[in-house]
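One letter stands for each residue in the lines below.
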Amino acid sequence: MYLGRLDEKKGIDILIRSFAKLKLNQNVHLKIAGGFNNYKLKLDQLINSLGIQENVQFLGMVKGDEKKRLYKESLVFVAPSHSEVVGMVNLEAASMATPVITTFQTGLKRGWANNGGILINPNENELIIALKQALNWSKSQREENGKKLYDFVKKEYSWELKLNDWLKLYSSVK
């Protein structure tokens, strides 16, 4: 699953091409959630040219409980972005205990890759390898990776933790 803004810098085209090269059976679907715009037309053309229309679903904008349900039901969340300050959507997916494949360019700590997540460069070859890895997880491996990533995000990115860091910083400046 991908969820976010439909934009060239998000690497959705890389995800679609990588997904197509896996040549999966009809029971595996790529779900793309995000508000429709002109870029969706380019993505539709790409999907049609690859002949994978039956395996890719555009869901439009999703929010609230529907978004939470999608995260929880997805085998893996994929954000192959070319550039982010911090990929908040990755943290959001991890907070739902969903394993995440994302890029080094999303500003996440390197420990991400040792705690249930997968970090790659935004290219088809690395994404294909990561997707194959995720598709080979057993149900318990998927759950274990999701739990490890959830714990990592809670430890490294929670507001409670960061608030204490900021308070210590400000106190030391006095």
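Everything that follows concerns the structure shown earlier in this document.
These numbers were taken from a predicted model, which means no experiment stands behind them.

### Some remarks on the overall build of the protein chain
Then step 1. A count of helices and strands for the protein chain gives seven helices and six strands.
Then step 2. Reading the secondary structure of the protein chain in the N-to-C direction produces β-α-β-α-β-α-β-α-β-β-α-α-α.
Then step 3. The C-alpha radius of gyration computed for the protein chain amounts to 17 Å, which stays within 12% of the reference 16 Å derived for 174 residues, consistent with globular compactness.
Then step 4. Principal-axis analysis of the C-alpha atoms gives the protein chain an extent of 60 × 35 × 30 Å.
Then step 5. By residue count, 44% of the 174 residues in the protein chain fall in the buried class.
Then step 6. Excluding contacts between residues fewer than 6 apart, the proportion of contacts in the protein chain whose partners are at least 24 apart in sequence is 65%.
Then step 7. Each charge sign in the protein chain was given a centre, from 26 positive and 18 negative side chains, and these centres are 3 Å apart.

### Notes on a nonpolar patch on the surface
Then step 1. Taken together, the side chains of Val-85, Val-86 and Met-88 make up a nonpolar region of the molecular surface, amounting to roughly 300 Å² of accessible area.
Then step 2. Following the sequence through the fold, Val-85 ends up in the loop between β4 (77–79) and α4 (88–95).

### Observations concerning the sheet that holds strand β6 (residues 118–120)
Then step 1. Spatial ordering of the open sheet is given by β4-β5-β6, a layout of three strands whose pairing is parallel. Each having just a single partner strand, β4 and β6 make up the two edges of the open sheet. Strand-to-strand twist in this sheet, taken as the mean axis angle between neighbours without regard to direction, amounts to 15°.
Then step 2. Judged from the three bridges that link them, strand β5 (residues 100–103) and β6 form a sheet pairing that is parallel. Across the sheet, residue Thr-103 finds its bridge partner in β6, namely Ile-120.
Then step 3. Relative to the sheet, helix α5 (residues 124–135) contacts β4, β5 and β6, its axis offset from that of β6 by approximately 165°.

### Side note on the pattern of salt bridges
In a structure, side chains of opposite charge can pair up when their charged atoms sit close to one another.
Then step 1. Summed over all chains, the structure comprises 13 salt bridges.
Then step 2. Between Asp-7 and Arg-5 there is a salt bridge, with its nearest N and O atoms 2.9 Å apart.
Then step 3. Put simply, Asp-13, Arg-17, Lys-21 and Glu-124 are held in one network by salt bridges that share partners.

### Re the nonpolar core
As a rule of thumb, soluble globular proteins bury nonpolar side chains together.
Then step 1. With 29 residues, the main nonpolar core has Ile-12, Ile-16, Ile-32, Val-56, Ile-101 and Leu-127 as its most contacted residues.
Then step 2. Broken down by element, this core gets its largest block of residues, seven residues, from helix α1 (residues 12–22).
Then step 3. Those residues in contact with Leu-127, other than ones at most four positions away along the chain, are Ile-14, Leu-15, Ser-18, Val-78, Pro-80, Ile-101 and Ile-120.
Then step 4. Membership of the second largest hydrophobic core comes to 20 residues, among which are Leu-3, Tyr-71, Met-96 and Val-153.

### A few points about the environment of Arg-110
Then step 1. By the secondary structure assignment, Arg-110 is in the loop between β5 and β6.
Then step 2. Residue classification places Arg-110 among the exposed residues on the basis of a relative accessible area of 55%.
Then step 3. Excluding residues that lie within four positions of it along the chain, Arg-110 makes contacts with Phe-104 and Leu-119.

### A few points about the packing of aromatic side chains
In this description, a pair of aromatic rings is defined by centroid distance and the angle of the planes.
Then step 1. Enumeration according to the criterion identifies four aromatic pairs in this entry.
Then step 2. Ring centres of Tyr-71 and Phe-77 lie 5.7 Å apart, and the angle between their planes is 65°; this geometry places the pair in the edge-to-face category. Neither residue differs from the other here; Tyr-71 and Phe-77 are each classed as buried.
Then step 3. Ring centres of Phe-152 and Tyr-157 lie 6.3 Å apart, and the angle between their planes is 70°; on these two criteria the pair is classed as edge-to-face. In this pair, the class of Phe-152 matches that of Tyr-157, namely buried.
Then step 4. Among the aromatic residues, those joined into a cluster by ring pairs are Trp-112, Phe-152 and Tyr-157.
Then step 5. Above the face of the Phe-36 ring, Lys-40 is positioned so that its terminal group lies 4.8 Å from the ring centre.

About the thresholds
- Residues numbered from 1 in each chain as written.
- Predicted model: local features only at pLDDT ≥ 70, side-chain atom pairs only at ≥ 80, totals over all residues.
- Heavy atoms only, no water.
- Helix = DSSP H or I, 4+ residues; strand = E, 2+ residues; numbered from the N terminus.
- Rg over C-alpha atoms; globule rule 2.2 N^0.38 Å.
- Buried < 20%, exposed > 50% of the residue type's maximum accessible area, 1.4 Å probe, protein only.
- Contact = heavy atoms within 4.5 Å.
- Lys, Arg positive; Asp, Glu negative; His and termini not counted.
- Charge placed at Lys NZ, Arg CZ, Asp CG, Glu CD.
- Patch = residues over 30% accessible without salt bridge, like charges linked within 9 Å, V, L, I, M, F, W, Y side chains within 5 Å.
- Areas by Shrake-Rupley, 256 points an atom, 1.4 Å probe, with all protein chains shown as cover.
- Salt bridge = Lys/Arg side-chain N within 4 Å of Asp/Glu carboxyl O.
- Pairing = 2+ DSSP bridges.
- Axes fitted to C-alpha atoms, helices over the stretch in contact; angles between N-to-C directions.
- Core = buried A, V, L, I, M, F, W, Y, C linked by side-chain atoms within 4.5 Å.
- Phe/Tyr/Trp six-rings, centres within 6.5 Å; stacked < 30°, edge-to-face > 60°.
- Lys NZ or Arg CZ within 6 Å of the ring centre and 35° of its normal.

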